[in-house]
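Spelled out from the first residue to the last, the chains are:
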Amino acid sequence: MAASTPDTAPAAARVKRDRTHYLYIAVIAAVALGIAVGLIWPDAAVELKPLGTGFVNLIKMMISPIIFCTIVLGIGSVRKAAKVGAVGGIALGYFLVMSLVALAIGLVVGNVLHPGDGLHLTDAIKATGHSQVSPDALPPVDFVLSIIPTTFVSAFTEGQVLQTLLVALLAGFALQAMGSAGQPVLRGIEHIQRLVFRILSMVMWAAPVGAFGAIAAVVGSAGIDALKSLAVLMLGFYVTCFLFVFVVLGALLRIVAGLNVFSLFKYLGREFLLILSTSSSESALPRLIAKMEHLGVSRPVVGITVPTGYSFNLDGTMIYMTMASLYIADALGTPMSVGEQIPLLLFLLLASKGAAGVSGAGLATLAGGLQSHKPALVDGVGLIVGIDRFMSEARALTNFAGNAVATVLVGTWTKEIDTVRVHQVLAGELPFDETTLLDENRSGAAAVPEAQEDGEKELAKA
């Protein structure tokens, strides 16, 4: 019997890994099938859009409870409240700097390529551009006020990430102040977190259906003609995003954390595939939280950096707005000087925060920002409507990559990361549990650094 035990456990583990492996093979097959259907039967393919929308909505349904549980468990088990404030301050400072870097890179590439030269504007395109101005985008002051939910519960029902973040921070600090009296509540939330992640793992099996519907609708609605007419802009945007991710973020990750960006992205490969198939970085937000904890970054860092980054660290959106603005100005025959470009882009940097969470935020933010700062350019927004969904793929992938790297960097700067575990995970020695999305034998990655600094023990297991 003793000899048979070691053989049985690895076999069970292999079966579990194989099942999730088949799931993502099915996603790849579904993407290929969706592209084929979109090209062969474009009208029918457009009608498949609800499949993709439904899957993304299922994922979004899980975001608020996952953020709440992660932050409350992380902050509630930290003794020093100042540590949480330091994490938030460093994260916001980093987000601002990287947004400016992304804008600057887009500015340089856009001025070199001049992709909008020679295009012609029709009345129909003008009307399309004005229709993209979203009423949901808020000015900066109103955006800050919108972070406060109407009620404690409405933070979970309205799907606003920053509202959930605020409520979770308050709950975490309250439990922290309660001390031992708050331990039963933390144990209860830990049970809820296990339940929520198990539901998420079940929802993920619908990914092939969602990927098929989303890709088919995109290809069917835009087609090849849109790609040909705007190929220069698309190619320039994709190349710029690639350079930003692998040169700028890759260099930062190597210098600060000593990690290879390719190793990190290989670890997050399934999340990138999920984003590519749904054109939504939000579809991978819950899994990014789980995987960053598994990687060895502490719960407070993950819980604060990831949700905040999804609203404030939109590197891909920054590059998109820069290049699209220059493209539109050139297409309208009114190219902007550098002195005109910089104020517009700084305004768009602020405007993007007000559109956080708006559906189609990239295009809506661009149209709304131009309407407020340079109305004459709104006419040209219609020029890029046809390929916006294809560009949203690169936007979403870049935004996700930026937030993954930011989490590791903030964890390194605050010394809230288990570097030994990071190397073990990236080397494949500690595989991620795709069934529970949690480490059942650990109460959280925060335990290691917190125990070293504060002398605290792990949160008691339920």
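Rules used in this analysis
Residue positions are given per chain, counted from 1 along the sequence in the order it is written. pLDDT decides what is reported in this predicted model: residues at 70 or higher carry local features, side-chain atom pairs at 80 or more are listed and counted, and totals for whole chains, interfaces and linings draw on all residues regardless. In computing side-chain properties, one takes all heavy atoms of the structure into account and sets aside hydrogens as well as water. Stacked, edge-to-face and tilted labels apply to pairs of Phe, Tyr and Trp rings (six-membered ring for Trp) whose centres lie within 6.5 Å, assigned for plane angles under 30 degrees, over 60, and everything in between, in that order. Burial classification: accessible surface area is computed with a 1.4 Å probe over protein chains only, and a residue below 20% of its type maximum counts as buried, one above 50% as exposed, and the rest as partly exposed. Numbering of helices and strands runs from the N terminus, with a helix taken as a DSSP run of H or I at least four residues long and a strand as a DSSP run of E at least two residues long. Ring-over charges, as used throughout, are those where CZ of Arg or NZ of Lys falls within 6 Å of the ring centre and within 35 degrees of the ring normal. For this analysis, a salt bridge means a side-chain nitrogen from Lys or Arg found within 4 Å of a carboxyl oxygen belonging to Asp or Glu. UniProt positions are given in the numbering used here, feature names are shortened, and annotations may be inferred rather than shown by experiment.

**Side note on the packing of aromatic side chains**
Alright, step 1. Under the defined criterion, the tally for this structure stands at eleven aromatic pairs.
Alright, step 2. Arranged with centres 6.4 Å apart and planes meeting at 90 degrees, the rings of F237 and Y238 form a pair that is edge-to-face.
Alright, step 3. The class for F237 is buried, based on a relative accessible area of 0%.
Alright, step 4. Here Y238 falls in the partly exposed class, since its relative accessible area comes to 33%.
Alright, step 5. Summarising the aromatic geometry, the rings of F242 and F246 are spaced 4.6 Å apart at their centres and angled 40 degrees between planes, so their arrangement reads as tilted. With F242 and F246 both in helix 11 (residues 231-257) and four residues apart, the pair spans about one turn of that helix.
Alright, step 6. The class of F246 is partly exposed, set by a relative accessible area of 27%.
Alright, step 7. Members of the aromatic cluster, each reached through a chain of ring pairs, are F242, F246, F262, F265, F272 and F400.
Alright, step 8. Over the ring of Y320 we find R395; its NZ or CZ atom is 4.2 Å from the centre of that ring.

**Section: the pattern of salt bridges**
Alright, step 1. Throughout the structure, instances matching the rule amount to four salt bridges.
Alright, step 2. Between E271 and K291 there is a salt bridge, and its shortest N-O distance comes to 3.2 Å. Of this pair, E271 sits in helix 13 (residues 269-278) while K291 sits in helix 14 (residues 285-295), and the two are 20 residues apart along the sequence. The exposure classification of E271 matches that of K291, with both residues buried.
Alright, step 3. E293 is paired through a salt bridge with R299; the nearest N and O atoms lie 3.3 Å apart.
Alright, step 4. Residue classification places E293 among the buried positions, given a relative accessible area of 8%.

**Here we look at unusual backbone geometry**
Alright, step 1. One non-glycine residue, K415, lies in positive phi territory at about 60 degrees.
Alright, step 2. Mapped onto the elements, K415 comes out in the loop between helix 19 (385-413) and helix 20 (419-426).

**Here's the deal with the UniProt feature "transmembrane region" (unreviewed entry) in the protein chain**
Alright, step 1. With numbering matched to this structure, UniProt assigns "transmembrane region" (unreviewed entry) to residues 22-41, 61-78, 90-113, 161-181, 202-224 and 230-256.
Alright, step 2. Here residues 90-113 is 100% helix and 0% strand, with 35 Å between the C-alpha atoms at its ends.
Alright, step 3. A helix fraction of 86% and a strand fraction of 0% characterise residues 161-181, whose end C-alpha atoms lie 28 Å from each other.

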